[in-house]
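Residue-level structural notes
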Amino acid sequence: RRRQRRAGSGCAACRGASPQPDGRRRGAGGAMPSLISARSRLDLGSLSARSRLDRGCLQDVIEWADAVLLGAPVHYGNAAAALLSWVEEGWAPFWQDERLDGKLGGAFATAGGMAQGLEHALTSLHRTLESFRVQIVAGSPTSSSFGSYGAVAVTAPPFAANRSGAIAPPFVEAARLWGQRVAAAAAERVRQRGLAAGGGA
């Protein structure tokens with residue numbers, strides 16, 4: 001399933017199987033892994049919501065995901081504090097967890113302008129993931145100039161008319177290409193693990 005994401009903070013976990021039109025899932029042998037949204041917004045003021053998020057997303061991150069993507073809106077030139085707080089508090093017990101070693105990851109962000117902290121937010125989220133030994137899959141600067149380090153979007157004019165928050169097509173296309181890049185890398189990682197487990201060359 002695809003869920004539309006706008007200016008909310010959250011994480012997405014990527015697994016080596018992709019949903020098909022009939023709702024079934026296909027293994028990583030010939031398919032791209034799929035991205036699933038754990039939660040579109042963080043509500044740090046609600047303990048019950050926070051607990052549900054921790055149980056659901058952290059289980060995905062630690063046990064299930066082949067790739068983890070962190071995303072946030074830019075607030076005052078930085079990635080939203082709500083997301084960073086969740087990582088600092090919720091992920092802390094897993095800082096030395098070996099299950100995080102070698103996972104793939106990346107970042108996405110939205111902002112009200114091109115020069116209001118987008119790249120800074122992406123690199124901040126990259127450092128956060130790297131602190132947990134997650135390996136970053138960046139975008140390709142040769143495929144699009146709208147997402148060299150991850151997926152970004154400007155949600156204000158001239159890219160979004162009347163401050164509607166709609167994502168302009170160039171950002172959507174760049175995000176799609178980056179998503180394919182992450183999914184392909186995750187699928188290859190799954191394939192290599194399968195070969196190693198089976199003793200293949």
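Preceding this section is the structure that the text describes.
My aim in this report is to walk through the structure given alongside it, one point at a time. This structure is a prediction, so every number in the text was calculated from the model and none was measured. (Residues numbered from 1 in each chain as written. Predicted model: local features only at pLDDT ≥ 70, side-chain atom pairs only at ≥ 80, totals over all residues. Heavy atoms only, no water.)

1. Re the nonpolar core
If you look at the biggest cluster of nonpolar residues, it comprises 30 residues, and the most contacted ones within it are Leu70, Trp86, Trp91 and Leu118. Put simply, the parts of the chain that give this core at least two residues each are α1 (47-64), β5 (67-75), α2 (81-91), β7 (104-111), α3 (118-131) and β9 (151-154). If one sorts the elements of this core by residue count, α3 sits on top with 5 residues. In terms of nonpolar packing, the next biggest core, distinct from the first, is built from 9 residues, Leu104, Val137, Trp178 and Val182 among them. (Core = buried A, V, L, I, M, F, W, Y, C linked by side-chain atoms within 4.5 Å. Buried < 20%, exposed > 50% of the residue type's maximum accessible area, 1.4 Å probe, protein only. Helix = DSSP H or I, 4+ residues; strand = E, 2+ residues; numbered from the N terminus.)

2. Here we look at the packing of aromatic side chains
Following the criterion strictly, the structure yields 3 aromatic pairs and no others. Judged by centre distance (5.1 Å) and plane angle (70°), the ring pair of Trp91 and Phe132 falls under edge-to-face. With Trp91 in helix α2 and Phe132 in the loop between α3 and β8 (135-136), this residue pair connects regions lying 41 residues apart in the sequence. Of the residues examined, Phe132 reaches a relative accessible area of 7% and is grouped as buried. Joined through ring pairs, the aromatic side chains of Trp86, Trp91 and Phe132 make up one cluster. (Phe/Tyr/Trp six-rings, centres within 6.5 Å; stacked < 30°, edge-to-face > 60°.)

3. Quick look at the side chain of His126
Positionally, His126 belongs in helix α3. Owing to a relative accessible area of 10%, His126 belongs among the buried residues under this scheme.

4. Section: the packing of α2 against α3
In contact at an axis separation of 12 Å, α2 and α3 are set at 5° when each is read in the N-to-C sense. Between α2 and α3, the angle falls in the class roughly parallel. Within the contact between the two elements, α2 uses Leu83, Leu84, Val87 and Trp91 and α3 uses Leu125, Thr128 and Leu129. Along the lines of polarity and charge, the residues of the contact of α2 with α3 split into 6 nonpolar, 1 polar and no charged. (Axes fitted to C-alpha atoms, helices over the stretch in contact; angles between N-to-C directions. Parallel < 35°, antiparallel > 145°, perpendicular 65-115°, else oblique. Contact = heavy atoms within 4.5 Å. Nonpolar A, V, L, I, M, F, W, Y, C, P; charged D, E, K, R; others polar.)

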